[in-house]
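Each chain is listed here by its residues.
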Amino acid sequence: MSRESIFDCVLILCLAAVPIWAHFAEEPFIITLATRAAIFAIAGIGLNLVLGQGGLVSLGHATFFGLGGYAMGILASHAQTYMPLSEWPILIEGTKSMPVIWVVALLASGIAALLIGALSLRTSGVYFIMITLAFGQMFYYFAVSWSAYGGDDGLSIYLRNDFPGLNTLDPIQFFLIVFVWLLVVWIFTATLIRSPFGLALNASRQSTERVETVGINPYHLRLTAFVISGMITGLAGALFADLNRFISPSMFSWQTSGEIMVFVILGGVARRSGPILGAVVFIALEHFLGGLSDYWHIYLGALLLLVVLFARGGLIGMLLGRERVHE
Amino acid sequence: MSLLSLKQVASWYGSTQALFDVSFSLEEGEVLALMGRNGMGKSTTIKTICKMLPVGSGEIYIASKNINTLPSFKVARLGVGLVPEGRRCFPNLTVEENLIAAARPGSWDLLSVSTLFPRLHERRSQMANTLSGGEQQMLAIGRALMTNPRLLILDEATEGLAPLVRQEIWSALHSLKNNSNLSLLVVDKSLSELKQVADKVVILERGSSVWSGTTAALSDAVVQQYLGI
């Protein structure tokens, strides 16, 4: 077992242990913080697939995060008002079933990623960054003007969606759901990046021309990765909306895209657990420094600068070195 | 039916014409040596066959299929494996990962590549950028073989390697010639080795094919005239 694998296991066990301790210590706020960290980690894992393996600097992943959130918000708001989403040509009702909402969130973000990716992946470099950013802002302003679902003010949901056999209003049980998703997503992406698909994606980042000469279409490869990445981030958005029971256009904003990128860069681009560590550190800084100063982002910025300048491979790179990393 | 056929192919780097009139054909199981002095268009011909450069005029056929409008990856899928000049492995993947990333269904797999180059098996967990030049060259050949090609193109595969390693590469090429039905298109500076492995020779001069024939017909006078050796 490599040092990095041991580190991954310890990190994930710690993320699970803290809320369990908080549950017994009756500190529900700590459980909520851990849940937020786990959700952000899922979003970061989604971005890390295209950023770390594919070298695609997407500044539009908030699009998928927001779509997942709005999928949850729209379905749950209709369930709470008993108003159907549509009556013609087919009757579509709202729902407060988490599994149904997850499926809708995954589909919505997957379709959006397919369309956005199909256009944006025809470009590269700074043009790709700008196009993904532009799509994110398009969705942001659409959500701002979408008064049916709260417009600029956002939309509160007065219920917590259901999961069979669990009391989702109990913070520890909701954390459990998110944690299981984190494990599923983490194992899935870790397996994916070791598969021929993941290796070819990594190779395409190193040289598009060389990948083509072995018979691989890099465009299809990147588009597939982009869709998977968007779906994972969309799932995180749905969980985030359920945690807060609130959705707002800020889920689509470029700041959200930037924060997801910060989780990845802080933890370590292309490192399996980089987004998990990045999200945990981000939430910890937000909590502890945020209590000291409203300007805690200055300290976060300073930390990010230090990491980028001196810790290639992020915090994990600093802790473990550049051992067996596909950077 | 030729596996590879070039008919009056011309090609450009932007506005600069590099190939003017290249014509030759290669049959299944045959080894063709593409020769010429530096800058005569050997690598450009290979890039054009692999569609890393567009075909300006003329026609290229692979197994009777015109590939003029096909992208590079589709040409590779028709069974063209390339060992590019300067090795060009994927540096941040391990040896095994380099091979897996390129794998396509067929008889060539990790085991058969390891049999051809036992050194790759020994180094399978090592990052490609930590290999020696010779090992990287073996990896580049192994990676091309993992695509299970019908035609393997080697562009200066032994350039800059130590004599012992070069010998190992040439042995592997002889083994490929004798033990498989693979066609080889080889560009190299070593005339003596090329003469031993090739069935026929095409010589390029200033972007045009000026001489072609069997290796046996390659006289000293032809070598002197076109290669200056």
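The preceding data block contains the structure.
All of the points below concern the structure found in this document. Note that this is a predicted model, so its numbers are computed, not measured.

### A short note on the overall build of chain B
Here comes step 1: Counting its regular elements, chain B contains 9 helices and 10 strands.
Here comes step 2: Taking 229 residues into account, the globule formula puts the C-alpha radius of gyration at 17 Å, and chain B, at 17 Å, falls close to it.
Here comes step 3: Across its three principal axes, chain B shows a C-alpha extent of roughly 45 × 40 × 35 Å.
Here comes step 4: Relative to its full complement of 229 residues, chain B shows a buried share of 54%.
Here comes step 5: Sequence separation of 24 or more characterises 68% of the internal contacts of chain B that already satisfy a separation of 6 or more.
Here comes step 6: In the form shown here, chain B has an accessible surface area of approximately 9400 Å², with 49% of it arising from carbon and sulfur atoms.
Here comes step 7: When the 22 basic and 20 acidic side-chain charges of chain B are each reduced to a single mean position, those positions are 5 Å apart.

### Things to note about the overall build of chain A
Here comes step 1: Along its length, chain A carries 13 helices and 2 strands.
Here comes step 2: In terms of overall size, chain A behaves like a compact globule, its C-alpha atoms giving a radius of gyration of 19 Å where 327 residues would be expected to give roughly 20 Å.
Here comes step 3: Oriented by its inertia axes, the alpha-carbon framework of chain A measures out at about 55 × 50 × 40 Å.
Here comes step 4: Contacts spanning at least 24 positions in sequence make up 77% of the contacts within chain A whose residues lie at least 6 apart.
Here comes step 5: When the accessible surface of chain A is split by element, carbon and sulfur atoms take 69% of a total near 14200 Å².
Here comes step 6: Where the 15 positive side-chain charges of chain A centre and where its 18 negative ones centre are 14 Å apart.

### Describing empty space enclosed by the protein
Residue and element names in this part refer to chain A.
Here comes step 1: Tallied over the entire structure, the rule returns 1 cavity of 30 Å³ or more.
Here comes step 2: Counted as a void, the largest cavity has a volume near 100 Å³.
Here comes step 3: Along its surface, the largest cavity is lined by I45, N48, L49, Q53, W186, T189, A190, I193, A270, R271, R272 and P275.
Here comes step 4: Going through the elements one at a time, α2 (28-53) and α6 (171-194) are the ones with two or more residues in the lining of the largest cavity.
Here comes step 5: Looking at the lining of the largest cavity residue by residue, the classes come out as 7 nonpolar, 3 polar and 2 charged.

### Examining the packing of aromatic side chains
Here comes step 1: The full count for this structure, using the stated rule, is 17 aromatic pairs over all chains.
Here comes step 2: With 6.5 Å between their ring centres and 10° between their planes, A:Y70 and A:W146 make a pair best called stacked. Placement of the pair is A:Y70 in helix α3 (residues 61-81) and A:W146 in the loop between α5 (125-145) and β1 (155-156), with a sequence separation of 76 residues.
Here comes step 3: Each ring, one from A:F282 and one from A:W296, has its centre 5.5 Å from the other, and the planes form 70°; the classification is edge-to-face. Taken together, the positions of A:F282 in helix α11 (residues 274-292) and A:W296 in helix α12 (residues 296-310) put the pair 14 residues apart, joining distant regions of the chain.
Here comes step 4: You can call A:W296 buried: its relative accessible area is 7%.
Here comes step 5: Through successive ring pairs, a cluster of aromatic residues spans A:F40, A:F65, A:F240, A:F263, A:F282 and A:W296.
Here comes step 6: One Lys or Arg, A:R160, reaches over the ring of A:F174 and ends 4.2 Å from the middle of that ring.
Here comes step 7: The ring of B:F90 carries the charged tip of B:R143 above its face, separated from the ring centre by 4.7 Å.

### Observations regarding the packing of α6(A) against helix α7 (residues 196-206) of chain A
Residue and element names in this part refer to chain A.
Here comes step 1: Packing of α6 against α7 leaves a shortest axis separation of 4 Å and a crossing angle of 70°. In terms of orientation, α6 lies roughly perpendicular with respect to α7. The segment α6 lies against α7, with L192, I193 and R194 engaging P196, F197, G198 and L199.
Here comes step 2: Of the residues contributing to the contact of α6 with α7, the split by class is 5 nonpolar, 1 polar and 1 charged.

### A word on the interface of chain B and chain A
Here comes step 1: Counting from both sides, the interface comprises 22 residues of chain B and, opposite them, 21 residues of chain A.
Here comes step 2: Taking both sides of the interface into account, the surface hidden between chain B and chain A amounts to around 1900 Å²; carbon and sulfur atoms contribute 62%.
Here comes step 3: In this assembly, chain B and chain A are joined by 1 salt bridge.
Here comes step 4: B:E97 is the partner of A:R194 in a salt bridge, and the nearest nitrogen-oxygen pair spans 3.7 Å.
Here comes step 5: At the junction of chain B and chain A, the tally comes to 4 residue pairs in polar contact (both at pLDDT 80 or more).
Here comes step 6: Put simply, the parts of the chain that give the side of chain B that touches chain A at least two residues each are α2 (72-77), β6 (80-83) and α3 (95-102) of chain B.
Here comes step 7: A class-by-class count of the residues in the side of chain B that touches chain A yields 13 nonpolar, 4 polar and 5 charged.

### Structural notes on the environment of A:N48
All names here are of chain A.
Here comes step 1: Mapped onto the elements, N48 comes out in helix α2.
Here comes step 2: Along the primary structure N48 and F263 are separated by 215 residues, whereas in three dimensions their C-alpha atoms are 9.3 Å apart.
Here comes step 3: Beyond its immediate stretch of four places on either side in the chain, N48 contacts Q53, V264, G268, V269, A270, R271 and P275.

### Describing the state of the cysteines
Here comes step 1: Summed over all chains, the structure comprises 0 disulfides over all chains.
Here comes step 2: Lacking any disulfide linkage, A:C9 is separated from the closest cysteine sulfur, that of A:C14, by 11 Å.
Here comes step 3: The partly exposed category is assigned to A:C9, whose relative accessible area is 34%.
Here comes step 4: Free of any disulfide, B:C89 has its nearest neighbouring cysteine sulfur in B:C50, separated by 16 Å.
Here comes step 5: A residue is classified by how much of its surface remains accessible, and B:C89, at 6% relative accessible area, is buried.

### Concerning the pairing of strand β2 (residues 16-26) of chain B
In the case of a regular strand, side chains alternate between the two sheet surfaces.
Residues and elements named next belong to chain B.
Here comes step 1: Strand direction decides the pairing type here: strand β1 (residues 4-13) and β2, joined by 7 bridges, are antiparallel. Opposite Y13, over in β2, you have T16 as the bridge partner.
Here comes step 2: The hairpin formed by β1 and β2 contains 2 residues between the paired strands, and G14 there has a positive phi angle of roughly 60°.

### Here's the deal with the pattern of salt bridges
All names here are of chain B.
Here comes step 1: Applying the stated rule across the entire model yields 14 salt bridges over all chains.
Here comes step 2: Among the ionic pairs, E30 bridges to K200, the shortest N-O distance being 3.5 Å. With a gap of 170 residues between them, E30 in the loop between β2 and β3 (31-35) and K200 in strand β9 (residues 200-205) connect regions that are remote in the sequence.
Here comes step 3: In this structure K200 comes out as buried when scored by relative accessible area, which is 19%.
Here comes step 4: Across the salt bridge formed by E156 and K189, the nearest N and O atoms sit 3.2 Å from each other. Here the residue E156 occupies a position in the loop between β7 (151-155) and α7 (163-179), and K189 occupies one in the loop between β8 (183-187) and α8 (191-197), the gap between them amounting to 33 residues.
Here comes step 5: For E156, a relative accessible area of 6% translates into the label buried.
Here comes step 6: The structure contains a network of salt bridges with shared partners spanning R119, R123, E135 and E168.

Rules and cut-offs
Residues numbered from 1 in each chain as written. Chains lettered and ligands numbered in written order. Predicted model: local features only at pLDDT ≥ 70, side-chain atom pairs only at ≥ 80, totals over all residues. Heavy atoms only, no water. Helix = DSSP H or I, 4+ residues; strand = E, 2+ residues; numbered from the N terminus. Rg over C-alpha atoms; globule rule 2.2 N^0.38 Å. Buried < 20%, exposed > 50% of the residue type's maximum accessible area, 1.4 Å probe, protein only. Contact = heavy atoms within 4.5 Å. Areas by Shrake-Rupley, 256 points an atom, 1.4 Å probe, with all protein chains shown as cover. Lys, Arg positive; Asp, Glu negative; His and termini not counted. Charge placed at Lys NZ, Arg CZ, Asp CG, Glu CD. 1 Å grid on protein atoms, 1.4 Å probe; cavity = no way out; pocket = protein on both sides within 12 Å on 5 of 7 lines; lining within 4 Å. Points joined across faces, edges and corners; volume = space filled by probe spheres on them. Nonpolar A, V, L, I, M, F, W, Y, C, P; charged D, E, K, R; others polar. Phe/Tyr/Trp six-rings, centres within 6.5 Å; stacked < 30°, edge-to-face > 60°. Lys NZ or Arg CZ within 6 Å of the ring centre and 35° of its normal. Axes fitted to C-alpha atoms, helices over the stretch in contact; angles between N-to-C directions. Parallel < 35°, antiparallel > 145°, perpendicular 65-115°, else oblique. Buried area = accessible area lost by both parts, 1.4 Å probe. Salt bridge = Lys/Arg side-chain N within 4 Å of Asp/Glu carboxyl O. Polar contact = N/O pair within 3.5 Å; in protein donor to acceptor, adjacent residues only side chain to side chain. Disulfide = S-S within 2.5 Å. Pairing = 2+ DSSP bridges.

In short, shape yes, function no, at least from these values alone.
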